[in-house]
Amino acid sequence: MPTPDHPHTATLRRLEKSSGSLAAQAITRMDETLPWYRAMPPENRSWIGLVAQAGIAAFTEWFRHPDAPQAISTDVFGTAPRELTRAITLRQTVEMVRTTIEVMESAIDEVAAPGDEGILREALLVYAREIAFATAQVYAQAAEARGAWDARLESLVVNAVLSGEADEGAVSRASALGWNAPEHVCVVLGTAPDGDSELTVEAIRRAARHAKLQVLTGVLGARLVVIAGGSDSPLAVAKSLIGPFAAGPVVAGPVVPDLLAATRSAQAAAAGLKACSAWQDAPRPVLADDLLPERAIAGDPSAREQLVEEIYRPLEEAGSALLETLAVYLEQASSLEGAARMLFVHPNTVRYRLRRVTDVTGWSPSDVRSAFTLRIALILGRLVDGDLQP
């Protein structure tokens with residue numbers, strides 16, 4: 001109740017008596033003018049009604065003690081659950097506050113005691129400014145908390161993919177972060193730059209938006225990890241995101257169909273990053289599949305299996321002549337004439353068989369880098385065949 005010595009006791013008394021009807025008028029005005037309010041479920045509308053009532057009550061208390069420090073954000077927005085900041089946007093909250101203030105302003109002549117109209121109007125203007133600051137603070141705190149939680153979720157997803165522990169839980173967390181299950185996914189790895197990791201992550205997100213890619217990213221130790229979706233070209237993905245990476249190799253794993261399979265892409269990229277030092281002239285970025293021979297030599301079992309299954313076995317199935325010709329050609333320092341002499345065939349026959357090798361494997365024996373890959377595949381295939389013999 002207003003104190004007897006308050007200079008505006010009558011106005012305070014009228015404010016207290018009118019608070020319920022003012023809140024009802026504000027809700028009615030929202031229902032009439034704000035389509036998003038009408039579309040909300042009843043529970044959220046009731047919470048907004050409580051916020052409006054709390055706002056009018058807080059103004060009354062503020063008018064009673066204008067010089068006392070007031071925690072307006074707690075008084076007003078503390079009546080609603082934190083989830084309400086997710087249910088309504090900042091713009092909608094501003095519209096709600098504006099509507100409530102307009103209702104209160106239109107009732108000043110009725111609520112204020114004679115002679116207090118100007119004072120009450122001035123007080124309402126000051127209060128409107130304070131409630132605007134309070135609104136901004138509430139949403140800033142909510143955004144900060146949500147950002148910290150989202151960063152934690154994203155880190156869990158990225159770590160699960162990199163460690164080979166991705167499961168439906170990781171998929172669910174990614175969905176909560178806005179990942180909408182793109183058809184093509186690949187993982188890009190490189191060295192993280194020094195400095196604030198949040199700035200690095202934000203730079204990756206900007207680059208991804210420009211390239212129209214979805215990303216889940218994080219800095220894990222010295223590594224910058226990016227899980228990218230939306231493109232079937234891992235090299236193009238890596239090139240579009242390479243800016244925020246520190247100096248050094250950047251490796252793109254192969255494309256996989258979904259997030260659950262992204263572990264395979266991550267493991268290939270990690271093995272490629274480890275083996276990249278063996279290829280001094282490797283391009284930047286480089287595909288993990290282009291590092292198959294280095295990965296195999298470094299002990300990556302998946303690279304060894306891939307070389308055998310994708311190069312050696314197809315050549316074996318295509319006929320012994322291709323394997324023999326390729327082996328002799330490589331041993332003869334890539335000399336057509338030398339291979340032809342060793343095989344007792346015409347050089348054109350060797351040339352034809354080598355073209356067949358390219359058709360079967362996708363690797364050209366005449367290219368130095370491809371020849372190296374083919375040689376490692378032949379060695380590994382022979383070793384496997386030797387182990388299979390009794």
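Before reading on, note that the structure itself is shown above.
What comes next concerns the included structure. As the structure is a computational prediction, the values presented were derived from the model and not from experiment. (Residues numbered from 1 in each chain as written. Predicted model: local features only at pLDDT ≥ 70, side-chain atom pairs only at ≥ 80, totals over all residues. Heavy atoms only, no water.)

1. Structural notes on the packing of helix 14 (residues 301-318) against helix 17 (residues 347-361)
Link 1 in the chain: Interhelical geometry of helix 14 versus helix 17 gives an angle of 125 degrees and a closest axis separation of 9 Å. Considering their axes alone, helix 14 and helix 17 lie oblique with respect to each other. Classified by chirality, the crossing of helix 17 by helix 14 is right-handed. Note on element contacts: helix 17 touches helix 14 through Arg356, Val357, Val360 and Thr361, opposite Glu310, Ile311, Pro314, Leu315 and Ala318.
Link 2 in the chain: Split into classes, the residues belonging to the contact of helix 14 with helix 17 amount to 6 nonpolar, 1 polar and 2 charged. (Axes fitted to C-alpha atoms, helices over the stretch in contact; angles between N-to-C directions. Helix = DSSP H or I, 4+ residues; strand = E, 2+ residues; numbered from the N terminus. Parallel < 35°, antiparallel > 145°, perpendicular 65-115°, else oblique. Left-handed = near helix turned anticlockwise from the far one by under 90°. Contact = heavy atoms within 4.5 Å. Nonpolar A, V, L, I, M, F, W, Y, C, P; charged D, E, K, R; others polar.)

2. As for helix 1 (residues 9-33)
Link 1 in the chain: Compared with the 36 Å implied by 1.5 Å per residue over 25 residues, the 34 Å span of helix 1 between its first and last C-alpha is a close match.
Link 2 in the chain: All buried positions along helix 1 are accounted for by Thr9, Thr11, Leu12, Leu15, Ser18, Leu22, Ala23, Ala26 and Met30. (Expected span 1.5 Å × (residues − 1). Buried < 20%, exposed > 50% of the residue type's maximum accessible area, 1.4 Å probe, protein only.)

3. Focus: a negative patch on the surface
Link 1 in the chain: A grouping of Glu165, Asp167, Glu168 and Asp258 is seen on the molecular surface, where their side chains present a negatively charged patch.
Link 2 in the chain: With respect to the helices and strands, glutamate 168 occurs in helix 9 (residues 168-176).
Link 3 in the chain: With relative accessibility at 55%, the residue glutamate 168 sits in the exposed group. (Patch = residues over 30% accessible without salt bridge, like charges linked within 9 Å, V, L, I, M, F, W, Y side chains within 5 Å. Areas by Shrake-Rupley, 256 points an atom, 1.4 Å probe, with all protein chains shown as cover. Salt bridge = Lys/Arg side-chain N within 4 Å of Asp/Glu carboxyl O. Lys, Arg positive; Asp, Glu negative; His and termini not counted. Charge placed at Lys NZ, Arg CZ, Asp CG, Glu CD.)

4. Side note on the packing of aromatic side chains
Link 1 in the chain: Under the defined criterion, the tally for this structure stands at 1 aromatic pair.
Link 2 in the chain: Between tryptophan 36 and tyrosine 37, the aromatic rings sit 6.3 Å apart at their centres with planes inclined by 85 degrees, giving edge-to-face as the arrangement. Pair check on accessibility: tryptophan 36 and tyrosine 37 agree, each one buried.
Link 3 in the chain: The side chain of arginine 369 reaches across the aromatic face of tryptophan 279, ending 3.5 Å from its centre. (Phe/Tyr/Trp six-rings, centres within 6.5 Å; stacked < 30°, edge-to-face > 60°. Lys NZ or Arg CZ within 6 Å of the ring centre and 35° of its normal.)

5. What about unusual backbone geometry?
Link 1 in the chain: Of note, the bond from arginine 284 into proline 285 is cis; its omega dihedral lies within 30 degrees of zero at 0 degrees.
Link 2 in the chain: Residue placement: proline 285 occurs in the loop between helix 12 (262-275) and strand 5 (286-287).
Link 3 in the chain: Even without glycine at this site, alanine 181 takes up a positive phi of about 55 degrees.
Link 4 in the chain: Secondary-structure assignment places alanine 181 in the loop between helix 9 and strand 1 (185-191).
Link 5 in the chain: Its identity is not glycine, yet phenylalanine 344 carries a phi of approximately 60 degrees, on the positive side.
Link 6 in the chain: By secondary structure assignment, the location of phenylalanine 344 is in the loop between helix 16 (336-343) and helix 17.
Link 7 in the chain: Overall, the relative accessible area of 75% leaves phenylalanine 344 in the exposed class.

6. Some details on the pattern of salt bridges
Pairs may arise between side chains of opposite charge once their charged atoms sit close together.
Link 1 in the chain: Scanning the model with the defined rule gives 9 salt bridges in all.
Link 2 in the chain: Across the salt bridge formed by arginine 205 and glutamate 202, the nearest N and O atoms sit 4.0 Å from each other. Of this pair, arginine 205 and glutamate 202 both sit in helix 10 (residues 197-211), 3 residues apart, roughly one helical turn.
Link 3 in the chain: On the basis of relative accessible area, arginine 205 is assigned to the partly exposed category, the value being 26%.
Link 4 in the chain: Exposure remark for glutamate 202: the relative accessible area of 30% places this residue in the partly exposed category.
Link 5 in the chain: Bridged by salt links that share partners, the residues Glu154, Glu202, Arg205 and Arg209 form one connected network.

7. Topic: the sheet that holds strand 5
Strand pairs in the sheet, formed through backbone hydrogen bonds, run parallel or antiparallel to each other.
Link 1 in the chain: Overall, mixed pairing links the 5 strands, which are arranged 2-3-1-4-5 in an open sheet. Since the sheet does not close on itself, it has two edges, and those belong to strand 2 (214-220) and strand 5, each with one partner.
Link 2 in the chain: Bridging between strand 1 and strand 4 (residues 251-252) involves 2 bridges; their strand directions are antiparallel. Within strand 4, the position partnered with leucine 189 by the bridge is valine 251.
Link 3 in the chain: Along the sheet, helix 10 makes contact with strand 2 and strand 3 (223-229), crossing strand 2 at roughly 160 degrees.
Link 4 in the chain: Lying over the sheet, helix 12 contacts strand 1, strand 3 and strand 4, oriented at roughly 30 degrees with respect to strand 1. (Pairing = 2+ DSSP bridges.)

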